[in-house]
Amino acid sequence: MEAWISIPAALGAPAAGETAAPARAVRALERAFDRLFGAAANPLRQLGALAFWFFWLVAASGIYLYVFFDTSVAGAYESVERLTREQWYAGGLMRSLHRYAADAFLVVTVLHLARELALGRFKGFRWFSWVSGVPTLVLILAAGIVGYWLVWDQLAQFVGIAVTEWAAALPGFGPEMVRNFIVEGAISDRFFSLLVFVHIAVPLFLLAAMWLHLQRITRARTWPQRGLLWGSLAMLVALSLARPAVSLAPADPALAPAALPLDWFYLFALPAMYASSPALVWLALGGALVALGVLPWIVRAPRPPAARVSAANCNGCARCFADCPYAAVVMREHPDGRPGKRMAVVLDDLCAACGICAGACPSSTPFRSGERLVTGIDMPQLPIDRLRAALERALATGKRLIVFACDHGANARALASADLAAFGVPCVAQVPPSFVDYALRAGAAGVLVARCPEHDCEFRLGSRWAAERFAGRREPHLRASVPRARLRVVEAAREDAGALAASVEAFRAELARLGPPPAGRRVKRVATEQES
Amino acid sequence: MSASVLKYAGQGLAYAAFAAFVGYFATHPLYHHLGPDEALLRLSFKHPGQPVGECRQRTAEELAKLPPQLRTPLDCPRERSPVRVRVELDGRVVYDEAFPPAGLRRDGAASGYRRLPIAAGRHDLKVAFNDDVRVSGFTHERAATVTVAPGQVILIDFSPERGGVVIR
C-alpha cells in the first residue's frame, strides 16, 4: 500500500525539502523580507513588476524633460541647466527622478535575472521567458548610455568619446565617429536630433522586448503591490531631493576632466575598456550575454510529459484554458464537428506539467463511474485515475486522515503514519476539490491540503487557484454540503515542514474532538454523459 | 516598541539602503580618467590619400570607345595611398603608423584615432604625414612647442585646407 505518491524525479524539480545552495540563499532572503514587508508587498517577489514600474517612471519623467529640452548643440546644455536650476521643484526633480529611476530599473532587472537564475527558473518550459529577457539588458544599457550624451556636459563628452572609441573596435565602425566629439564644430544640431530619436526609439524597442518577455505567462504582474509602488516612488523622490542630478561644465573638446562622477550602473564598461582594451570588453560582455542566452540548453532539465487532452471527455468549458499560468492551453474547434463546440489543446512546448489544468477539469471528479477514470485533460505521469486509485487503497487500509501536499512545498512524506496517507502532487491545484468530498464520503475523518504560500508558488498561480477552489470562489468549487470542519487548507513553504507537522497534529486533535464522520455518507459513483 | 513599528522601521531601512546604493553608485566613486598631472594627446584625422599611381592622358581612340558620360581625358587609378603618420614627443617617437584607405577598392579616405595620456607641462611635438606612396619620406610636417595644463587636450589633425598638419 502506498502512503506516499510523489513524482519529483519525473518533474525535474527538487523533491520537497531538497534545494540547491543558491536557491536556499535566495529563499532565506525572501522569507526574511516576507517578515518585514509581508509576502504580498515583498519587493524580492515582484522584481519584474518593479522593473515595469521604474520603466514607466523613467518614461513619464523623460516626457516632461523632453518638453523643455532643446535639441541643438548650443541649446542642449543650457536647456538642461535652466530646467535644473530655475525649476528645481519640477524640472530638476524630474531630471533626478529620470536618472535614479533608470538606475533602479537596471538594478531590479539584474536582481530579477539573478533570482530566476538562482532558483533554476531558466530551463525547460521557461526557456522562452529567460531567453527573451536577455536582450532587454542590452536595450536598457543602450538607452541609458545615449541619455547621458544628451546633457552635453563634460561627462556627456567623455561618454561620447569613450563609447565611440569602444565601438571603433567593431567591424563596420571606424575611428572617424570619435571625431564628432573631439573636433570643434564637428557635431551638429541634426546629430542631437538623432540622439533624441535614438533615446526615444530604444526604450520603445525595450518595451516591445518586455512585452515579448511576458508572452508565455498569463496574468503577468506588471504593477507592484500598491504599498510597494508608493514606497518605491517616495524613496526615489527623497533620493532626488537629497542628491539632485546636476551637470558638469559644458562640453569642451579642448578639455578632458581627470575625475568624473560616473554612473557605474550604466557606464561600467567604459573604465573597464580603458583598463583593458575595447575588444576584451566586447568579448567579455558579448560572451556573458551569449552564455546567458544558451544557458537553458547547457543546464538542461528532464521535461516531464505535457498534459494530454481526451477529446471524448473534454466538453470545451475552457476552465483549463483560464487557469493555465503559462498559456499552454488553447481552445480549438472540437473534432466531433458539432457547431460551436470547442476543446482544449495543449501546446507541449509551453506546458509546465504542473497539473493545474487537470485540477480545473470538471471531468476530473472521482465520483464518475468506470474502472478507469479518464478526464478531459490529464497528466500522463500522475493521472487523476491513479490518484483516485491510491486514495481508495489508502482508505481501504484504514487511513482516516488524508493529506494532499505540493511537491514544491513542505515535505509531507514524513507525515505518513498508520492512520495518515499523504499524497504529493506537482502542484496542489492538481487535486480537484471533489476529491475532498470523495474522501470524506469514503470514510476519511478529515482532509488536509498543504499548499505553498501564494507568493511562493512554483507555478505562479496554482496555490491561489487551489485556495479559491476550496473556498468556493472558483470553479471547480468544493460543494457546499462538504463539512468544512473536516477540511483544512494550510500554507506550508518548503522550509515549513515542522509547521506542517504541527498543523497536522492540531487537525488530528480537532478531528478527534469532532468524533467519527457521520455514517451513511458512502461513495456513489455516477455515470457521466460521456460514459453513459 | 510594537511589532508593527519595528516592521515599518525595517521597511524604512530597506528602502534607505536601496536608495543609498543607487544614489552612491550613480555618481561614485569618481572615475579618474587621467592622473592629476596628466594631459591628453589625441591624434584624429580623416583624409583621402593621393592616388597610388600617375594619371594618364587618354587617346582619342580610347575616348571614342567609352560611353559619352565616362569620356574624361585623364585615366587615374582608383586606389588611394595609405596615410602614414609619425608623431614625436620630446624627441621620442610615440606613433609611426600607416592607416589604410577605406573601402573594398581601397578608394576611400583613411582615418585614424589614437589617444595618449602625457604629463602636463611643456613639450616639443613633431608631426609628419605622408599621404602619397609615390613620395618617400613625408609630404607634410609640422613642429611646435606646446604647454599643456592638467586635463587639457592637444589634438593633432590633418586638413589640407588649413595647410596640412594641425596642432591645437
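On a predicted model such as this, the values are computed, not experimentally measured, just so you know.

**Some points on the nonpolar core**
Residues and elements named next belong to chain A. Judged by nonpolar contacts, the single largest core of 87 residues is most densely connected at Phe54, Ala101, Phe105 and Val159. With sequence-adjacent residues up to four places away left out, Phe54 is seen in contact with Ala101, Ala104, Phe105 and Val108. With 74 residues, the next largest nonpolar core counts Leu373, Ala405, Val428 and Val449 among its residues.

**Comments concerning the sheet that holds strand S2 (residues 38–47) of chain B**
In a beta sheet, neighbouring strands are held together by backbone hydrogen bonds and run either parallel or antiparallel to one another. Residues and elements named next belong to chain B. Strand order in the open sheet formed by 4 strands is S7-S2-S10-S11, with mixed pairing between adjacent strands. In the strand order of this sheet, the two ends are held by strand S7 (110–119) and strand S11 (164–167), each with one partner. Along the sheet, successive strands turn relative to each other by an average axial angle of 15 degrees, direction set aside. Note that strand S10 (residues 153–159) and S11 share 4 bridges and pair antiparallel. Bridging from a neighbouring strand, Phe158 pairs with Val165 of S11.

**Some points on helix H5 (residues 88–118) of chain A**
Taking 1.5 Å per residue as the helical rise, H5(A) with its 31 residues ought to reach 45 Å, and the 42 Å between its terminal C-alpha atoms agrees with that figure. Taken from the residues just after H5(A), A:Gly120 is the one with a positive phi, measuring 75 degrees.

**Some remarks on the interface of chain A and chain B**
On the side of chain B, 35 residues touch chain A, which itself brings 35 residues to the contact. Among the elements of the structure, helix H2 (21–37), H5, helix H8 (179–182), helix H10 (226–242), strand S2 (259–260) and helix H11 (264–267) of chain A are those that each provide at least two residues to the side of chain A that touches chain B. With 5 residues, H5(A) is the single largest residue contributor to the side of chain A that touches chain B. Of the residues that constitute the side of chain A that touches chain B, the class distribution is 27 nonpolar, 2 polar and 6 charged. The pairing of S2(A) with strand S1 (residues 31–32) of chain B spans 2 bridges and is antiparallel. Along S1(B), the bridge assignment pairs A:Leu260 with B:Tyr31.

**Focus: the domain arrangement of chain B**
Here chain B is described as being made up of domain 1 (1–31) and domain 2 (38–52 + 79–167). Taken over C-alpha atoms, the centre of domain 1 of chain B sits 52 Å from the centre of domain 2 of chain B.

Cut-offs applied
- Residues numbered from 1 in each chain as written.
- Chains lettered and ligands numbered in written order.
- Predicted model: local features only at pLDDT ≥ 70, side-chain atom pairs only at ≥ 80, totals over all residues.
- Core = buried A, V, L, I, M, F, W, Y, C linked by C-beta atoms within 7 Å.
- Buried ≥ 20, exposed ≤ 12 C-beta atoms within 10 Å, placed from the backbone.
- Contact = placed C-beta atoms within 7 Å.
- Pairing = 2+ DSSP bridges.
- Helix = DSSP H or I, 4+ residues; strand = E, 2+ residues; numbered from the N terminus.
- Axes fitted to C-alpha atoms, helices over the stretch in contact; angles between N-to-C directions.
- Expected span 1.5 Å × (residues − 1).
- Nonpolar A, V, L, I, M, F, W, Y, C, P; charged D, E, K, R; others polar.
- Domains from an automatic or database assignment.

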